[in-house]
Structures are given as structure tokens and as C-alpha cells.
Amino acid sequence: MKQKLREWGMRLWGTFKSRDAEIEEELRFHLDMAEQDALLQGDSHREVYLRQGGLTQAAESVRDQHAFPWLSDFFRDTRHSVRLLARSPLFAAAAIGSLALGIGANTAIYSLFYTIMLRQLPVAHPEQLVEFLFSGDPGQVRDDGYWGWDRYEYIRDHNHVLSALTGMSFDNLASLRVDGSDPQTVIEESVLGNYFEVLGLKPAIGRLTTRDDVPASGEAEAAVVSWSWWNSRFDRDPSILGKRIFVNDAPKTIVGVAPRGYFGPRVGSRTDVWIPYQRDTVRLLARIKPGVTRQLAQAEMRVLLQSLVEQKAARNHTKVKPIQLDVEPAGAGFARVREQYGKALMLLLGVVGFLLLLACINMASLLLARSAGRQRELAVRVGLGAGRGRLVRQMLTEAVMLSAAGTLVGMLLAYAGTGILVRIMASGRAFEHIDVEVHPDVQLLAVTAGIGMFTAFLFGLAPAMYAFRATPANALQQSARGGDTWLWRLFGKGLVAAQVALSIFLVTGTAVFLAHLSRLRNFELGFRSDHVLLLTLDPDHSSYKSKPLAAPYQRLLERLQSTPGVRSASITACTPLQGCGTGSRFLNAEGFVEQPEQRLRPAVYFVTPRYFETLGIPLLAGRDFSPRDAGHPRVVIISNAVARHYFPGQNPVGRNITVVHDTRPLPFGDDQPYEIIGVAADVKPFELRDAPFPTMYFDMFQVNHVFDQFQLRTSSDPTAIAETARRLVREVLPDMPVKRVTTLEAQVDSNIVPERLIATLSEFFGGLGAVLAGIGIYGLLAFSVARRTNEIGVRMALGATAGDVSRLVLRDTMGLLCAGLIAGSFLVMLGRPLAASLIQDLKPESAGPLALAAGAIAAVALLASYVPVRRASRLDPMSALRHE
Amino acid sequence: MGAGSQSISMPNEEKAGVLQGTLDLMVLQTLATLGPLHGYAIAARIEQVSSGAIQLNMGTLYPGLLRLEQRGFIRAKWDKTENNRRARFYSITATGRRQLDVEKAGWTRMAGIMKSLLGEEA
């Protein structure tokens, strides 16, 4: 056995190191000696050669023993392929490029998919972790709600299905200050005492907090920071332990650093600091007991919660709705992001799948055209005695080489491509940031390489078979179209038609998604998101803390409004889709008797005059607030939905409403009436995907409830005004910090990350599909023109004009285009309901996108056929006839 | 030509199995007895000892020698013949000697078995 291994080792070594010269010398010596002996014995040369066998054959046998013949064949084939490919760089670039794009897109999207949907938390036994989700309406993202402390304790003490229960609450905009430096906005996670123990985490340095750190109520003084914060802020200095920090202005002491890979239980949002707490609302994360199924756990949790709710309802004499609580696996982190992105990612996986298919077809048609071009060469080689198996192997080697190169380039593209993905994802709301990493994941690499190789074999074999479909004799004659059976011609054309169909499908999808995105962005918001700069001040960290702000803010507003480039300015607490609100209230409208179950509870907004103008919310009736309103009878502006509800078919302007103050009175609260002075169009204040929310607007100066977010409508790029605005703030309010500067557009965009992801990527992929189809059509036409050179020469010699010839070639293109168009329309019809089921509110019914896609692909096809058509029409009949 | 020479002269692929082992044994035995020899001398010696029954052609001999070399049973080195020509001389290694002993024993045992078997049947 050992000797056998040694032999293989030597042969492997021999594969790379040939000793042909030595072998020949040794054999030559043998032959000379044999000849000498033969002469002595009187034998003839012929007898010697008969006895000894030919030198060449013997040398071949020795070489076969010296190396692994199949391996050296492979290397020879590889060298041969490289030389051949180098001779047609355009072909190589097209084949490698299309495969690289296909594989790159798949790798990038799969990485994203893996990061969001599959990657397990780096904790002990992630498969045991579960979370609890409350489902609302079907199709809505399920709520991962916070639990009251009583409910948490009840569940903790009465369940039989959980082996551990812990919880946390998040502050996405916590301020973290290290002694003597500016506060920094971080994500803080308040955690129960048993949090780290339940997750089974080990500290990077120091210690992790335990139950002993938690006081009877409220927050602990001990804090754990994340590894990445330690790394970026302290350069991994171990002296961080015992350091004093201020989290939301409360003093804390750092006792440890969390392990490097752990960023909290939420996918994509990275916790920077953990502080133990108790007796507050809590989001739950539990470990299910080994052997208990999720269904069982869910059943018990529902029963427990239902009884809790019924007890409370019995005390308050109210009715209860049945509770829909789901127990879901949380080993890959909380489900919220997964539910938000899941469908979008499925859709994208589908799209890139199609793209890869397109790339494979492209490669196949390129290889096919190429092997048709090499038919003669192959026939000669078969004629000279080359084994077919050997030739097929060589053609496969070429395909494998192309696919290996394509895979490699594709991986590189994927790295670059995830940069784009990361930028799109990072524009989400702060707590929904997702870091996408493409690391050399073994699984991912295997999948990618597998796809590449599969492609190579599948689409390398067809051309190889094509090359051998004809007998060598026929192929050698190579009459103009010799040997091409109708089946193979159909196959070649079918490939291109399929490409056209697929790319029409992709481009249609792109058009649908882009239209959807632009509608989300512009038409259904109720306000205009472009050209608005948002500037939030921070009076709590200035000398204006708890001082009246109305007068200084009015001064600042005047200065801002008179700045060149600013059309109007206003202040409010929350702008639409910011993800915050200032509460909601019931109201009584003059002369309207409301059924209790139909009662509206409009959102309450505090704004300044010109708010509607600044945000581009149309006033449907009445007037805007004005500075003259201050100190005069109280006024209110209602949204259209409120107007329709309380004043159907009437003009609400001039009527009165009173605000019903329940348990928590607003600071402007009393029961005096407000006169309606205007009706504003409906907007979507909270969630883009919700229906417009009924809203009441109050004049913040009149009710003296002043907030800190300024809006500037600008005449040009809003970010260009940002510096001027900051300067004005410094001039008017010298020590007032500016907490946040952004644009309304960015704020809206942060609400539609999945949609933007789909639209941006499918825009890219659709374009790519069109390019690939173009390459395919070009390849096929160029090839068919080259093959028909002779025929075209005959036609021209018989009097065909350049126009006739162009039409001849264009007819091919048109045929392919029509076939592809029909198949593509069919695909679109099939894909429609699927896309509609994956994207909420998608309206794919119109034929516009399909027409657009068909037009675009037709243009690409014609463009791609330009060069072949020109070549055909410019053929010189004489040289074309001589062409063989 | 005898029957032996016919089988030995067969193409590479067909003389696998028993004869491959036989060739190894013959070469090793020759080198163990006579010391370093070049390929032609080995073939000539085997032919002489077998009284011309076994004639090794180059296509059989040299791949066999190479295999033995790769397995570490013999080693080869370029040297001068008595006529001052460059030739590749093979000599047996320590491993080769051990292998020879093992194969010789096996062969003898096998020959004994065959002999008694045939003798009984006769």
C-alpha cells in the first residue's frame, strides 16, 4: 500500500515534470544495443524492430507510467482552451462576462438572503430560541409587542413548556457619553438579569451582567458594551473596564465587553450597550424545553394569555377579543426584519435565478455558435483518428474553464455588488439597518461553484454533441449549410428566442417595480417629499432647557424664511413617516352624534403657519394658520378624512369641534371649542403602507406647545442649504445643538427599503437581461451570416441588392423577436399573480410595462443585428463565392 | 518462439495481473544477483536464463522498470558502459530486497501448491 502511494505520488510529480528526452535516450540506447547484437547474430534490422516494437510506442507506454495520462491530457486541454479563447477574446469576454453577472447576482442576493433569513445568532443552542408574535390582520407584519411586567411574571411562573425566559427592551436613539466628549447616538438594549446566562454568552473581557446587578426596580448601574463599540471607540483597550459612561444622562460603569460576534437579538440592528433592568415593559425571548414542540408551546401560551386577559376583562367588565399569539423560532434573531424582507427576498431570488438561466442560455448559444464554427477543425481531427471521447472531454474542458473564470469573476462582482446592497439597506430607519456580509462561506461557495459547474456541463455538452452530429466526411465538405439538421437550427434559434422571452419578462418586472416605487414615493403620500430639509434642534442640551421657546423659534423661523433658496419654513414635532407621533384624541363635532363603535380617533399634530405649504399638503378648503391667530380664538385644521366623517356633504370651515381629553390630558387641554379654519388633504403620517390617517392640526404657537423639528422647502437641492441653516441656528440661538439633519426624501425612503431594494436591483437586473439578450442575438446572427456567406454571394450574383440581403437577415431577427415576445408575454401573464402575492399593493394590471419591455428588447435586438446585417449587405459577391 | 514470449510480448493492457508480478520478480532477482545493470542487459539476462523463452520488448520492460523505480524497489542512475556510452543503470534498493524475499516466498509457496495440485490430479 505504501509503495502504491509512493508510485502515485511520483506519477503526480511526473505529470508536472516531463522527462521525454531522457526516456528517448534510454530507449534509443536499448535499440542500438539490440541492433548490435542482432548484427552479431546475423539478424536483419527488420527483425530487431519487430521484436522490440516501435520506439515511439514504447516511449508512449513509458510516459503513461511516468505520469497520469488523464491529468496531463487535462492540462494539455486547458492550455489548448486558453490559447483558443485568447484567440477570440470577444467570445471569451461575452461568455465569462454573462456567467459572471449571473453568478455574481446570485451570490450577492443569496448572501443577503442568508444574512437576513438564515444566519443563526451566535448563542448557545439557537435552535431552542423562540419569540412571541401577535398577529393582526392577515398580510400585515406581525407585531412582536412589549409585555407588561405582570403578564411576563405570570407567563414565567405558570408555563410548563419553556426552559428559560428572558427579555429586553430597546432604545434605538439612546445617547451615550464618555466623560468629556460629545454624546453619541447608540442603540441601547435594556435586558433582564438572566439575559446573558440564558443566551449562554461568554464575555470578550470583564464580565457579563447577572441577576445580582439588577436593583429591585429600574436600571442597574453596570453596563456591558459591544465588541465593535469597544473596538471603534477604545481601540480594544482593556482599561475600559470600570470606566464611567452616561447612557441617556444616567451614570453607568462598564463591567465587561460582549463577545465579538454578538450584536443583540435583532437581525441587522446592532446593540452597542446592554444595561440590566426589571419591572418595566419587556419583549420576550424564550428557550423551549427539549422535546417540546412549538405547536405545544404555542397552545399553552395562548391558553395562559387568554386566561390572563379574561381575568382582567372580568374585573373591568369589558369584552375580550380572542388573542392570536404565535410562537416562532428566533434562533436567527427576531422575525420582524425577516417578515418585512422575506417576500422581497424571495422575489429577488427568483429574479436572479432567471438572470442566471439567461446567462446560461447565453453561454450555451455562444458555445454552440462557436462549435459550429469549429466543425471543420473537429472533423479533421476525427478524420486523423482523435477519439470522440477525447474531443468531447476537450470541449467540456473549455466550458469548464469558461465557467470557472465566470464563477471567479462572479464572486468578485458579488463582493462589489453587496456594497450597493449595503448602501440601500443602510438607508433604512436607524433600528432597521442591515449589515450584509459576503464572507467566504463554505456553503455559499459550494452552491456557487456547483451552479457554475452544472452550467458548464449542461451547456458544454450540447455544443459537443452538435459538433459530432455529422460524419467527418460530410463536415469536411462543408457545403454552405451542410450538416445542420432542422433540429439543431431550431435549438439554436430556440435558445435566442428563450433569451428574448426571459429578458422581456425581467424588463417588464423592472418596469412594474419601478412604477410601484415611484407611486409609493410620490403619489400616495399626500405630501411632496422632494426639496425638503429637516433640521431637529436639541433644547434639552442647551441653555433653553425648560425656557419658553416660542419667541426664539419664531425669530429663527423668520430668519430661515428670508434666506435665499428657502421657499418656506415651518416647525412640527414629527414629520410624516418619521416613525413618531404626538398622540391622538377623540373629538366632538358640533351637531354630530357619533356611534361609539364608529368613533374616529384622529392623530394630533402641532404645526406652525406655512406647514402645509412647506410639506406640499394641499389645503382643500379654508385657510392656513397665520401669525395673527396667536392669542385669538382657537383654531384647528382637520384632514379630509375627519371632514368627511363629521361633516359629510357640508363645508366644515367655520364649524366648531371640542377635543375629548381622556386620562392623559394634552398640555393645551380644556373643553373649549376650536373653530375649523381649513381642511387639509389626507397624508400618511405613520406607515407608508397604511391608509391615510385622520389628523387634526393645531397651531403650536397658539396652544403654546412648541416642538423642535424645522422643515425648509428649498428651491434647489435641500442638502446644499444645510450649512446655511446650521449657521443661522448658531446666530439666533447660540448654544443650541442641532441633533439631526436629513431630508424628507431620505426619511420617506427609509420606509420603503424592501421596495427600493427590489426596484433598484431589478432595474439593474432588467438592464442586464437586455444586454445578455443583445449579446445572444448578436452571436447568433453573426454566426448565421458567416455560415451563409456563400449563399448570400450567390443571391447577390443573381441580382439581389444590399437591401434584399439586409431584409433576409433582419427577417431572422424579427422571427426570433416575435417568438420571444409571445413566449415572454406568456411568462409575464404567469408571473403576475405571483408578484402580486409577494408585494403588497402592487398593481401589475396595466399593459404599459410589458409594452415598454417589448419595445426596449426590440431596440436592443435591432441594435445587436446592426453589425451582422451591415456585414451581410456589404459582402462582395465574388469573394463571397470564393469563400470556402 | 515459445509460449512465454508470446504472452510477454502482448500489448501493455493485456498482460496485467499475474505477469506484471512475474516481471517485477524477474527484474528484482536479476538485479539482486548481478548488481547494477542497464535495461538492455536486464532483458538480455532474462532472455538468456529462460533460454530465449522470455523476450521482453521495450514497451513492456521500461514501463515496468519505471514502476519499480516509482515504488522505491530499484533506483536508476546515468552512467558509462564499458564501451563508454551513456546508459541508465538500475540497482536494487533495501526495500527492493525485502520485497524480493516476500515475493519469492509467495511464489515458491504458490508453485508448490500448484505442483501438488496438478500432481494429485494427474
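Bear in mind that the values here come from a model prediction, so they are computed numbers and not experimental data.

Rules of the game
Residues numbered from 1 in each chain as written. Chains lettered and ligands numbered in written order. Predicted model: local features only at pLDDT ≥ 70, side-chain atom pairs only at ≥ 80, totals over all residues. Helix = DSSP H or I, 4+ residues; strand = E, 2+ residues; numbered from the N terminus. Buried ≥ 20, exposed ≤ 12 C-beta atoms within 10 Å, placed from the backbone. Contact = placed C-beta atoms within 7 Å. pLDDT = per-residue confidence, 0-100. Pairing = 2+ DSSP bridges. Core = buried A, V, L, I, M, F, W, Y, C linked by C-beta atoms within 7 Å. Nonpolar A, V, L, I, M, F, W, Y, C, P; charged D, E, K, R; others polar. Axes fitted to C-alpha atoms, helices over the stretch in contact; angles between N-to-C directions. Parallel < 35°, antiparallel > 145°, perpendicular 65-115°, else oblique. Left-handed = near helix turned anticlockwise from the far one by under 90°.

### Comments concerning the overall build of chain B
Phase 1 of the analysis: In terms of regular secondary structure, chain B is built from five helices and three strands.
Phase 2 of the analysis: Written out in order from the N terminus, the α and β elements of chain B read α-α-β-α-α-β-β-α.
Phase 3 of the analysis: Within chain B, buried positions represent 32% of all 122 residues.
Phase 4 of the analysis: Contacts in chain B between residues far apart in sequence, at least 24 positions, make up 53% of those at least 6 positions apart.

### Description of the confidence of the model for chain A
Phase 1 of the analysis: Averaged over chain A, the pLDDT score is 81; the fraction of residues at 70 or greater is 89%.
Phase 2 of the analysis: Taken together, the stretch residues 478–482 of chain A has pLDDT below 50 and engages in eight contacts with residues farther than four places along the chain or on a different chain.

### Re the sheet that holds strand S3 (residues 86–92) of chain B
Residues and elements named next belong to chain B.
Phase 1 of the analysis: Strand order in the open sheet formed by three strands is S1-S3-S2, and the pairing between neighbours is antiparallel. Taken across any chain shown, the strands that pair with only one partner, and hence form the sheet edges, are strand S1 (37–38) and strand S2 (74–80).
Phase 2 of the analysis: With seven bridges connecting them, S2 and S3 associate as antiparallel partners. In the strand pairing of S3, Asp79 is matched with Ala87.

### Describing the nonpolar core
Residues and elements named next belong to chain A.
Phase 1 of the analysis: With 157 residues, the main nonpolar core has Ala223, Leu355, Val500 and Ile857 as its most contacted residues.
Phase 2 of the analysis: Ranked by residue count, the leading element in this core is helix H11 (residues 335–373), at 22 residues.
Phase 3 of the analysis: Setting aside residues no more than four positions away along its own chain, Ala223 makes contact with Ile245, Val247, Lys252, Thr253, Ile254, Val255, Val273, Trp274 and Ile275.

### Observations concerning the interface of chain B and chain A
Phase 1 of the analysis: On the side of chain A, 20 residues touch chain B, which itself brings 17 residues to the contact.
Phase 2 of the analysis: Looking at the side of chain B that touches chain A, the elements that each hand over two or more residues are helix H3 (39–49), helix H4 (58–70) and S3 of chain B.
Phase 3 of the analysis: When residues of the side of chain B that touches chain A are assigned to their parent elements, the largest contribution, seven residues, is made by H4 of chain B.
Phase 4 of the analysis: When its residues are assigned to classes, the side of chain B that touches chain A shows six nonpolar, seven polar and four charged.

### Regarding the confidence of the model for chain B
Residues and elements named next belong to chain B.
Phase 1 of the analysis: Averaged over all residues, the pLDDT of chain B is 81; the fraction at 70 or higher stands at 81%.
Phase 2 of the analysis: Predicted confidence is poor over residues 1–18, with pLDDT under 50, and the contacts of this stretch with residues over four places away or in other chains come to 24 contacts.
Phase 3 of the analysis: Reported confidences for the modelled complex are a pTM of 0.67 and an ipTM of 0.81.

### Looking at the packing of helix H2 (residues 20–41) of chain A against helix H4 (residues 55–66) of chain A
Residues and elements named next belong to chain A.
Phase 1 of the analysis: Axis separation between H2 and H4 bottoms out at 10 Å; the angle between their running directions is 135 degrees. In terms of their interaxial angle, H2 and H4 are classed as oblique. H2 and H4 meet at a crossing whose hand is right-handed. Across the interface between the two elements, Ile23, Glu24, Leu27, Arg28 and Leu31 from H2 touch Leu55, Ala58, Ala59, Val62 and Arg63 from H4.
Phase 2 of the analysis: Its residues assigned to classes, the contact of H2 with H4 shows seven nonpolar, no polar and three charged.

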